[in-house]
Amino acid sequence: MLPTNEVVVLSRIQFGLTALYHFLFVPLTLGLSTLIATMETVYFITNRPIWKTMVQYWGILFGINMAMGVATGVTLEFQFGTNWSYYASYVGDVFGAPLALEGLMAFFLEATFVGIFFFGWDRVSKGTHLIVTWLLAAGSSFSALWILVANAWMQSPVGTHFNIQTMRMELDDFYSIFFNDVAQAKFVHTISAGYVTGSVFVLAISALFLLQGRHRAFAQRSIAIAAAFGLASALCVVVLGDESGYLTGLNQKMKVAVIEGMWDTMPAPASLTIIGFPDQVQHQTKYAIKIPYLLGLIATRSWHKPVYGILDLVDEAKMRTHSGILAYQALHALQIHPEDQAMEDLFHANEENIGYALLLKRYTSDVAQATPQQINQAAWDTVPNVFVLFWVFRGMVACGLFFIGLFTLAFYFSAKRRLLHHRWFLWLAFSSLPLPWIAGDLGWIVAEYGRQPWIVDGLLPTFMGVSSVTTTNLWVSLVGFIFFYTALAIVEVYLMVKYIRSGP
């Protein structure tokens with residue numbers, strides 16, 4: 001029995017809210033840990049006390065943020081068992097391995113080194129403490145790596161097969177999953193975005209100190225480090241984002257078409273839409289302003305390969321649904337007669353499309369007897385909300401370009417020692433504090449909402465992955481999470497403001 005639509009919606013809202021909230025802490029942890037390690041390296045080389053002060057002060061803010069990230073991350077992972085039990089059962093053999101490795105990294109590697117970082121200043125040598133700080137930064141990155149490997153498999157499932165006997169996805173090649181091109185691109189893109197977040201945080205708080213006339217030597221050195229590190233990271237985000245765009249064009253063609261509001265397949269190379277107003281009813285993007293050829297070069301890296309439009313991809317989804325129905329019928333027959341070689345051959349010939357047949361379960365309990373209208377509805381389900389995804393993506397890109405400009409100015413004024421002469425820039429830097437988190441959450445919306453209707457792309461529809469729970473339980477747990485996370489947010493803001501006001 002399939003869950004009701006309300007159960008699916010509430011489960012998605014709960015997981016989405018907790019994931020977005022958890023990701024408020026992750027990028028700052030990634031960015032601050034590496035910035036702190038860089039500052040401690042300077043302290044190790046110069047032996048100047050001000051650099052030790054910088055490491056310890058930013059380390060306090062890092063510790064507060066990391067503690068909150070661990071608290072929110074634990075509850076997030078439990079939801080795979082409570083709200084998404086069918087998904088956990090269906091792909092547990094695949095998804096469980098990187099999730100377990102992430103737990104080892106987060107709770108053993110990071111926890112060990114964070115203790116030595118805070119309490120080992122007078123107990124270990126300077127060199128040992130520096131190594132520990134870099135290992136702490138590496139542990140934070142490795143923790144993120146395994147989560148991103150798991151998530152990338154959901155975007156581009158490789159190295160696995162469907163077991164007819166167990167009715168589950170099983171692991172074939174862990175090497176393929178770890179070195180999945182999508183995983184590697186997603187990891188370096190996310191890590192670079194985390195570095196940008198840490199750099200903006202240090203830049204904004206240091207700018208506040210200069211505006212208040214406090215801790216000038218501390219703030220100017222912090223800005224110098226943040227500006228150089230942030231500019232390099234912001235440029236990397238753009239370059240690595242281009243790589244992600246190319247891989248998305250290979251693996252998730254519908255996501256690219258929706259991001260561009262591109263309804264019809266254009267002659268290669270396709271134009272890039274800068275701005276426009278997608279209309280999902282009339283199947284057109286109004287008032288579009290385009291740059292010729294650019295999308296084709298980004299998405300295909302060629303002059304002759306097409307970027308397919310939404311309407312053509314919907315037609316392809318219909319054909320894949322017909323193929324998936326054959327796989328579904330063969331699988332049903334094999335459950336009755338496991339030795340039927342003809343049905344097994346039919347299943348394997350159409351296996352890659354069985355997920356499209358499962359989309360029909362929203363409209364009929366008898367997939368094999370689906371009507372053309374139901375097949376058409378299922379095919380159109382593969383199109384996310386075009387207007388939302390179109391503008392969310394452009395908001396993310398606008399933030400990225402702004403960061404490049406911000407860090408360029410910060411680097412220039414810091415190098416010329418003219419930060420104190422440009423209060424407008426200091427106000428701009430301080431006012432930019434929320435933008436990295438906005439950009440990061442917009443990026444995750446593009447990645448996850450753009451994958452809909454799939455929880456595992458092309459294999460398992462989202463509505464089939466949820467647990468068999470009541471709406472009452474979901475409402476109670478959702479309200480509980482909101483109150484719990486709101487309390488954590490109040491504690492986080494109180495502690496951060498307290499230590500920012502006290503200064504180094």
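So, how was this worked out
- Residues numbered from 1 in each chain as written.
- Predicted model: local features only at pLDDT ≥ 70, side-chain atom pairs only at ≥ 80, totals over all residues.
- Heavy atoms only, no water.
- Salt bridge = Lys/Arg side-chain N within 4 Å of Asp/Glu carboxyl O.
- Helix = DSSP H or I, 4+ residues; strand = E, 2+ residues; numbered from the N terminus.
- Buried < 20%, exposed > 50% of the residue type's maximum accessible area, 1.4 Å probe, protein only.
- Phe/Tyr/Trp six-rings, centres within 6.5 Å; stacked < 30°, edge-to-face > 60°.
- Lys NZ or Arg CZ within 6 Å of the ring centre and 35° of its normal.
- Core = buried A, V, L, I, M, F, W, Y, C linked by side-chain atoms within 4.5 Å.
- Contact = heavy atoms within 4.5 Å.
- Expected span 1.5 Å × (residues − 1).
- Polar contact = N/O pair within 3.5 Å; in protein donor to acceptor, adjacent residues only side chain to side chain.
- Disulfide = S-S within 2.5 Å.
- Axes fitted to C-alpha atoms, helices over the stretch in contact; angles between N-to-C directions.
- Parallel < 35°, antiparallel > 145°, perpendicular 65-115°, else oblique.
- Left-handed = near helix turned anticlockwise from the far one by under 90°.
- Nonpolar A, V, L, I, M, F, W, Y, C, P; charged D, E, K, R; others polar.
- Lys, Arg positive; Asp, Glu negative; His and termini not counted.
- pLDDT = per-residue confidence, 0-100.

Q: Explain the pattern of salt bridges to me, please; I cannot follow it from the model alone.
A: Opposite charge on two side chains makes pairing possible when the charged atoms of those side chains draw close. Taken as a whole, this structure holds 6 salt bridges when the rule is applied. The partner of Arg-394 in a salt bridge is Glu-260, and the shortest N-O contact between them spans 3.5 Å. Remark: Glu-260 occurs in the loop between α9 (253–259) and β3 (272–279) and Arg-394 occurs in helix α15 (residues 386–415); sequence separation between them is 134 residues. Look at Arg-394 and you get buried, because its relative accessible area is 12%. The partner of Arg-362 in a salt bridge is Asp-381, with the nearest N and O atoms 3.5 Å apart. Within this pair, whereas Arg-362 is found in the loop between α13 (354–358) and α14 (372–380), its partner Asp-381 is found in the loop between α14 and α15, the two being separated by 19 residues in sequence.

Q: Would you mind going over the packing of aromatic side chains with me for this structure?
A: For any pair of aromatic rings, the description consists of the separation of the ring centres together with the inter-plane angle of the planes. Under the criterion given, the structure shown has 32 aromatic pairs. Arranged with centres 6.4 Å apart and planes meeting at 75°, the rings of Phe-277 and Tyr-287 form a pair that is edge-to-face. Placement of Phe-277 in strand β3 and of Tyr-287 in strand β4 (residues 284–291) is noted, with a sequence separation of 10 residues between them. The exposure class of Phe-277 is partly exposed, given its relative accessible area of 41%. Of the aromatic side chains, those joined through ring pairs into one cluster are Tyr-21, Phe-25, Phe-481, Phe-484 and Tyr-485. Lys-126 extends its terminal NZ or CZ atom over the ring of Tyr-43, reaching a point 4.7 Å from the ring centre.

Q: Before we go on, may I ask you to explain the nonpolar core in this structure?
A: As a rule of thumb, nonpolar side chains are buried together in soluble globular proteins. If you look at the biggest cluster of nonpolar residues, it comprises 137 residues, and the most contacted ones within it are Trp-58, Tyr-87, Phe-201, Ile-310 and Phe-347. Take this core: its biggest share by element is 17 residues, from helix α7 (residues 181–211). In contact with Phe-347, not counting residues within four places along its chain, are Phe-162, Ile-164, Ala-327, Ala-330, Leu-331, Leu-334 and Ile-354. Core analysis: the next-biggest nonpolar cluster, separate from the first, contains 8 residues, Val-256, Met-266, Ala-270 and Ala-299 among them.

Q: Got a minute to help me understand α7 in this structure?
A: Between its terminal C-alpha atoms α7 stretches 45 Å, which fits the 45 Å expected from 31 residues at 1.5 Å a residue. Buried residues dominate α7, accounting for 26 of its 31 residues. The opening residue of α7, the one whose side-chain oxygen lies 3.1 Å from the backbone nitrogen of Val-182, is Asn-180. At the C-terminal side of α7, Gly-213 shows a positive phi close to 70°.

Q: How should the state of the cysteines be read in this particular structure?
A: In this structure the tally under the stated criterion is 0 disulfides. A disulfide-free cysteine, Cys-236 has its sulfur positioned 18 Å from the sulfur of Cys-399, the nearest such atom. Of the residues examined, Cys-399 reaches a relative accessible area of 10% and is grouped as buried.

Q: Hey, could you run me through the packing of helix α2 (residues 26–46) against helix α5 (residues 126–155) in this one?
A: Packed helices, taken two at a time, are described by their axes: the angle between them and the distance between them. Following both chains from N to C, one finds α2 and α5 inclined at 160°, their axes separated by 9 Å at the closest point. By the angle between their directions, the pair α2 and α5 is classed as roughly antiparallel. For the crossing formed where α2 meets α5, the hand is left-handed. In this structure, α2 contributes Thr-29, Leu-30, Ser-33, Thr-34, Ile-36, Ala-37, Thr-38, Glu-40, Thr-41, Tyr-43 and Phe-44 to the contact, and α5 contributes Lys-126, Gly-127, His-129, Leu-130, Thr-133, Trp-134, Ala-137, Ser-140, Ser-141 and Ala-144. Tallied by class, the residues present in the contact of α2 with α5 amount to 9 nonpolar, 10 polar and 2 charged.

Q: Explain the side chain of Glu-170 here, please?
A: Assignment of secondary structure puts Glu-170 in strand β2 (residues 168–171). The charged side chain of Glu-170 is buried without a salt bridge, its nearest counter-charge being Arg-168 at 5.6 Å. Within the structure, Glu-170 has its side chain in polar contact with the side chain of Thr-166 (distance 3.1 Å). Leave out the neighbours within four places in its chain, and Glu-170 touches Asp-93, Val-94, Gly-159, Thr-160, His-161 and Asn-163.

Q: Just to check I follow, could you spell out the confidence of the model for the chain for this structure?
A: In regions of low pLDDT, the predicted coordinates are not meant to be interpreted in detail. Confidence in the prediction of the chain, expressed as mean pLDDT, is 86, and 99% of residues score 70 or more. Across the chain, helix α16 (residues 423–431) holds the top mean pLDDT of 92, while helix α10 (residues 294–300) sits lowest at 78.

Q: What is the right way to look at the environment of Thr-38 in this model?
A: In this structure, Thr-38 sits in helix α2. Relative accessible area serves as the criterion here: at 25%, Thr-38 is assigned to the partly exposed category. When near neighbours in sequence (up to four residues on either side) are disregarded, Thr-38 contacts Trp-134 and Ile-225. At 2.9 Å, the side chain of Thr-38 and the backbone oxygen of Thr-34 are in polar contact.

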